[in-house]
Amino acid sequence: MEPARTRIDVLVASVCAVGGLLLVLFRAGSGFGWAPTWAETAAQLGAAALLLARSRHPLLVLAGCVLAGLVTPVVAVLGAAHATGLFVASSRTSIGAMLATVTFTWPTWLLTSEPTGPSLLWAGILIILFAYAAGRLQRIQQEADTEASVRAEAQARAAERAALGRDLHDVVSHRMSYAVVEAEVLGTATPDDEVRRAAREIATSCRAALAEMRTVLRALDVAGGTTAGGTGAGDTAAELEARVDEARRAGQPVEVVGAVAAHTPPDVVDRTAVRVVDEGLTNVLRHAPGAPTTIRLADADGELRVSVENGPPTAPPTGLPAGGFGLAGLRERVALLGGTVDAAPLATGGFRLSAVLPRRTA
């Protein structure tokens with residue numbers, strides 16, 4: 001049994017024992033009842049002692065208190081009634097036990113209330129039922145709290161799963177996109193038929209892997225999850241430069257205008273900016289390979305503005321599947337920071353992805 005519950009049982013038993021002794025003293029000078037004082041004292045203390053087991057065997061404790069109540073109205077029956085409401089899972093069983101309690105204690109209460117009239121009889125019964133109702137309400141509240149805790153834990157696990165799924169998608173999709181582009185560049189640049197065949201197989205395998213990964217992510221329902229961004233703590237400028245170098249090696253002409261203010265370590269806004277650039281370059285490689293691309297960074301006036309804009313494609317699209325996870329996840333990340341994302345085609349035939357990320361000041 002839990003130590004806290006044991007202490008409560010001891011406290012309830014002690015209070016009922018003291019209350020029972022006071023009731024015996026009152027009755028000794030009033031002429032109520034039929035049993036001698038020693039018998040009433042024994043009944044009160046014995047019933048109170050039973051309450052030490054009220055949380056483990058509530059119905060047995062209630063039965064013992066009812067039997068003691070045939071000698072005298074025992075105070076411990078209140079503690080037993082409360083325990084019946086609190087610890088008995090079945091409402092039907094607990095209500096039946098309380099009806100039996102009232103039925104068996106009725107003669108003793110009736111005899112006790114004879115000199116004073118029926119008001120004492122009804123008052124005692126109402127007090128017993130009130131104790132039971134208090135225990136039942138406490139149990140209902142505990143069950144509601146437990147259910148809420150379980151739901152919160154399930155939601156936390158779902159959010160964590162969604163965060164891992166989103167990061168997996170962002171990282172793998174980014175790398176796979178470059179692998180496909182580089183394989184296709186290799187296939188068109190070499191005169192060796194065997195190398196071209198291998199390059200086509202690499203590109204096809206990468207596309208299939210991305211499609212399968214998105215199928216798994218949909219099965220995990222990560223599209224509904226939220227996360228505030230990655231957990232990397234590297235230098236933001238170096239990370240952005242690495243992303244740009246990768247795109248350039250894949251044959252994408254990329255120009256960077258502006259810079260991100262240095263933060264050590266980078267905060268969540270910096271990491272989200274890297275995600276914006278990741279998503280923008282990945283989409284350019286997927287849908288507009290070879291298109292001139294400009295990354296603009298403006299970090300001033302309490303906000304960081306990031307945009308990735310490309311011109312019309314100069315080569316056919318790579319055919320990489322677009323699952324919709326990247327942009328959806330990016331919108332949610334930016335929204336958690338209080339920012340906005342805009343993604344729309346341009347009249348020139350290109351596309352622009354932009355985000356405004358507010359900086360939090362201390």
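It should be noted that the structure appears before, not after, this text.
Residues numbered from 1 in each chain as written. Predicted model: local features only at pLDDT ≥ 70, side-chain atom pairs only at ≥ 80, totals over all residues. Heavy atoms only, no water.

## Structural notes on the nonpolar core
Side chains of a nonpolar character, in soluble globular proteins, are inclined to be buried together. Leu281, Ile295, Leu304, Val306 and Leu357 are the most contacted members of the largest nonpolar core, which has 28 residues in total. Mapped onto this core, the elements with two or more residues apiece are α6 (118-189), α8 (236-249), α9 (268-287), β2 (293-300), β3 (303-310), α10 (325-336) and β5 (351-358). By residue number, the principal contributor to this core is α9, which donates eight residues. (Core = buried A, V, L, I, M, F, W, Y, C linked by side-chain atoms within 4.5 Å. Buried < 20%, exposed > 50% of the residue type's maximum accessible area, 1.4 Å probe, protein only. Helix = DSSP H or I, 4+ residues; strand = E, 2+ residues; numbered from the N terminus.)

## Here's the deal with the packing of α8 against α9
Following both chains from N to C, one finds α8 and α9 inclined at 5 degrees, their axes separated by 10 Å at the closest point. Judged by the angle between their axes, α8 and α9 are roughly parallel. Contacts between α8 and α9 involve Thr236, Glu239, Leu240, Arg243, Val244 and Ala247 from the former and Asp270, Val274, Val277, Asp278 and Leu281 from the latter. A breakdown of the residues in the contact of α8 with α9 according to their chemical character gives six nonpolar, one polar and four charged. (Axes fitted to C-alpha atoms, helices over the stretch in contact; angles between N-to-C directions. Parallel < 35°, antiparallel > 145°, perpendicular 65-115°, else oblique. Contact = heavy atoms within 4.5 Å. Nonpolar A, V, L, I, M, F, W, Y, C, P; charged D, E, K, R; others polar.)

## Some words on the pattern of salt bridges
Inspection of the entire model under this criterion finds ten salt bridges. One salt bridge connects arginine 139 with glutamate 143, and the closest N-O pair in it is separated by 3.1 Å. Residue arginine 139 and its partner glutamate 143 are located together in helix α6, separated by four residues, close to a single helical turn. A salt bridge links arginine 275 to aspartate 278, with the nearest nitrogen and oxygen atoms 3.9 Å apart. Remark: aspartate 278 and arginine 275 occur in helix α9; sequence separation between them is three residues, near one turn of the helix. Exposure remark for arginine 275: the relative accessible area of 13% places this residue in the buried category. Put simply, Arg243, Arg275 and Asp278 are held in one network by salt bridges that share partners. (Salt bridge = Lys/Arg side-chain N within 4 Å of Asp/Glu carboxyl O.)

## Topic: the state of the cysteines
Under the definition given, this model contains zero disulfides. Cysteine cysteine 16 remains unbridged, with the sulfur of cysteine 65 as its closest cysteine sulfur at 7.9 Å. Cysteine 16 gets classed as buried once you look at its relative accessible area, which sits at 7%. (Disulfide = S-S within 2.5 Å.)

## As for the environment of glycine 19
Along the chain, the position of glycine 19 falls in helix α1 (residues 3-28). Here glycine 19 falls in the partly exposed class, since its relative accessible area comes to 23%. Along the primary structure glycine 19 and valine 75 are separated by 56 residues, whereas in three dimensions their C-alpha atoms are 6.3 Å apart.

## Considerations on helix α2 (residues 37-50)
Compared with an ideal rise of 1.5 Å per residue, which puts 14 residues at 20 Å, α2 spans 20 Å between its outermost C-alpha atoms and is within 8% of the ideal. For α2, every residue scored as buried is listed here: Ala39, Glu40, Ala43, Gln44, Ala47 and Ala48. The buried residues of α2 occupy one face: seen down the axis, they fall within an arc of 160 degrees. (Expected span 1.5 Å × (residues − 1). Arc of directions from axis to C-beta.)

## Some points on the sheet that holds strand β4 (residues 340-345)
Spatially, β1-β2-β3-β5-β4 is the arrangement adopted by the five strands of the open sheet, whose pairing is mixed. Edge positions in the sheet fall to β1 (254-258) and β4, since each has one partner strand and no second. Geometrically, the sheet is characterised by an average inter-axis angle of 10 degrees between neighbouring strands, direction not taken into account. Sheet topology note: the β4/β5 ladder contains six bridges and is antiparallel. Among the inter-strand pairings, alanine 343 is bridged to a residue of β5, identified as leucine 353. Relative to β1, α8 is tilted by about 155 degrees, and along the sheet it contacts β1 and β2. Against the sheet, α9 contacts β1, β2, β3 and β5, and its axis sits at roughly 10 degrees relative to β3. (Pairing = 2+ DSSP bridges.)

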